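Here are the chains, one letter per residue:
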Amino acid sequence: MSRIGRLPIVIPAGVEVTVNGSHVTATGTRGTLERDLPHAMRVAVEGGVITVTRPTDTSTHRSLHGLTRTLVANMVEGVSTGYTRWLDLVGVGFRAAKQGTDLVLTLGYSHPIRYSPPEHVTIETPTATQVCVSGANKEVVGQVAAKIRSFRKPEPYKGKGVLYRGEKLRRKAGKSGKAGKAK
């Protein structure tokens, strides 16, 4: 049996989960999330615990078992505590600022980059070189952070760009310069 799929999901206080066939709805302090799950997987809510079971031991059902359990667990955690992704701007003159709900980035281009986040995702800039993306849906928060990072991906020579917090960048040695040239 799947090691991930067989783990029960404990529903925290203040979160309500309803299952209607293969449609799961989670409601909590951070909002409401809905998702259609694979029809073969059975999701049951009993006494404050969610369990996911599979009908057979085929490889398809085994792979869907852990996925389904993780998707439901992410929904429950998202509506109770939410998800946060931090980005750091590394480079001379790289800045981030909020204008209304939009994020305005100065990343060394000839123009500032303006980004409007999707609904239910909040972007904050505690300092000029830090961006905090937060929301209830883990997938959307990760996608927004990846989109912001794509405006100036970190380059390996000077290490400049938009990095995830804690990301280790593999640095490369540059050219050796005039030392290797013969006249």
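This is a predicted model, so every value here is computed, not measured.

Trainee: Would you explain the sheet that holds strand β4 (residues 31-36) in this entry?
Mentor: By way of backbone hydrogen bonds, the strands of a sheet pair with one another, either parallel or antiparallel. Taken in spatial order, the three strands make up an open sheet running β2-β3-β4, and their pairing is antiparallel. At either end of the open sheet lies a strand with only one pairing partner, and these are β2 (16-20) and β4. Each adjacent strand pair in this sheet contributes to an overall mean axis angle of 10°, direction not counted. Pairing geometry for strand β3 (residues 23-28) and β4, over six bridges, is antiparallel. Pairing of Thr-25 across the sheet is with Glu-34, part of β4. Where helix α1 (residues 59-80) meets the sheet, its contacts fall on β2, β3 and β4, and the angle it forms with β4 comes to roughly 170°.

Trainee: For this particular structure, what's the right way to read the sheet that holds strand β13 (residues 161-164)?
Mentor: Reading across the sheet, the four strands line up as β11-β12-β7-β13 and stay open at both edges, with antiparallel pairing between neighbours. Strands with a single pairing partner mark the edges of an open sheet, and in this sheet they are β11 (121-124) and β13. In this sheet, adjacent strand axes meet at a mean angle of 25° when their direction is disregarded. Examined bridge by bridge, β11 and strand β12 (residues 130-135) share four bridges and lie antiparallel to one another. Pairing of Thr-122 across the sheet is with Ser-134, part of β12.

Trainee: Any chance you could explain the pattern of salt bridges here in plain terms?
Mentor: When the charged atoms of two side chains lie near each other, side chains of opposite charge can form a pair. This structure, assessed with the given rule, holds five salt bridges. With its nearest N and O atoms 2.8 Å apart, the salt bridge here joins Asp-57 to Arg-54. By relative accessible area, Arg-54 is classed as buried at 15%. For the salt bridge of Glu-167 with Arg-149, the shortest nitrogen-to-oxygen distance reads 2.7 Å. Of this pair, Glu-167 sits in the segment after β13 while Arg-149 sits in helix α2 (residues 138-150), and the two are 18 residues apart along the sequence.

Trainee: Just to check I follow, could you spell out α2 for this structure?
Mentor: Because an α-helix completes one turn every 3.6 residues, residues spaced three or four positions apart along the sequence face the same direction. Relative to the 18 Å expected for 13 residues at 1.5 Å per residue, α2 spans 18 Å between its end C-alpha atoms, a close match to the ideal helical length. Residues of α2 that are buried include every one of Val-141, Val-144, Ala-145, Ile-148 and Arg-149, and no others. Taken down its axis, α2 places every buried residue within 140° of arc, on the same side. Taken together, the buried residues of α2 touch β7 (83-90), β9 (102-106), β10 (113-115), β11, β12 and β13. The backbone nitrogen of Glu-139 lies 3.1 Å from a side-chain oxygen of the residue at the head of α2, namely Asn-137.

Trainee: Can you help me understand α1 in this one?
Mentor: A rise of 1.5 Å per residue sets the reference length of α1, with its 22 residues, at 32 Å; its end C-alpha atoms lie 33 Å apart and thus fit the reference within 8%. For α1, every residue scored as buried is listed here: His-61, His-65, Gly-66, Thr-68, Arg-69, Leu-71, Val-72, Ala-73, Met-75, Val-76, Gly-78 and Val-79. Backbone geometry just after α1 places Gly-82 at a positive phi near 85°.

Trainee: Would you explain the nonpolar core in this entry?
Mentor: Counting 20 residues, the largest nonpolar core has Leu-105, Val-131, Val-133 and Ile-148 as the members making the most contacts within it. If you list the elements that add at least two residues to this core, you get β7, β9, β10, β11, β12, α2 and β13. Ranked by residues supplied to this core, first place goes to α2 with four residues. Dropping the residues within four chain positions of it, Ile-148 is found in contact with Leu-87, Leu-103, Leu-105, Tyr-115, Ile-123, Val-131, Val-133 and Val-162. Grouped together as the second largest cluster of nonpolar side chains are 19 residues, Val-52, Leu-71, Ala-73 and Ala-136 included.

Trainee: Got a minute to help me understand the packing of aromatic side chains in this structure?
Mentor: Two descriptors summarise a pair of aromatic rings, namely the distance from one centre to the other and the angle between the planes of the rings. For the structure on display, the rule yields one aromatic pair. Consider the rings of Tyr-115 and Phe-151, whose centres lie 6.0 Å apart with planes at 65°: the pair is edge-to-face. Taken as a pair, Tyr-115 in strand β10 and Phe-151 in the loop between α2 and β13 lie far apart in primary sequence, 36 residues in all. For Phe-151, a relative accessible area of 17% corresponds to the buried category. Positioned above the aromatic ring of Tyr-164 is the side chain of Arg-85, whose terminal nitrogen or guanidinium carbon lies 4.2 Å from the ring centre. Sitting over the face of the ring of Tyr-109, Arg-152 holds its NZ or CZ atom 4.3 Å from the ring centroid.

How each quantity is defined
Residues numbered from 1 in each chain as written. Predicted model: local features only at pLDDT ≥ 70, side-chain atom pairs only at ≥ 80, totals over all residues. Heavy atoms only, no water. Pairing = 2+ DSSP bridges. Helix = DSSP H or I, 4+ residues; strand = E, 2+ residues; numbered from the N terminus. Axes fitted to C-alpha atoms, helices over the stretch in contact; angles between N-to-C directions. Contact = heavy atoms within 4.5 Å. Salt bridge = Lys/Arg side-chain N within 4 Å of Asp/Glu carboxyl O. Buried < 20%, exposed > 50% of the residue type's maximum accessible area, 1.4 Å probe, protein only. Expected span 1.5 Å × (residues − 1). Arc of directions from axis to C-beta. Polar contact = N/O pair within 3.5 Å; in protein donor to acceptor, adjacent residues only side chain to side chain. Core = buried A, V, L, I, M, F, W, Y, C linked by side-chain atoms within 4.5 Å. Phe/Tyr/Trp six-rings, centres within 6.5 Å; stacked < 30°, edge-to-face > 60°. Lys NZ or Arg CZ within 6 Å of the ring centre and 35° of its normal.

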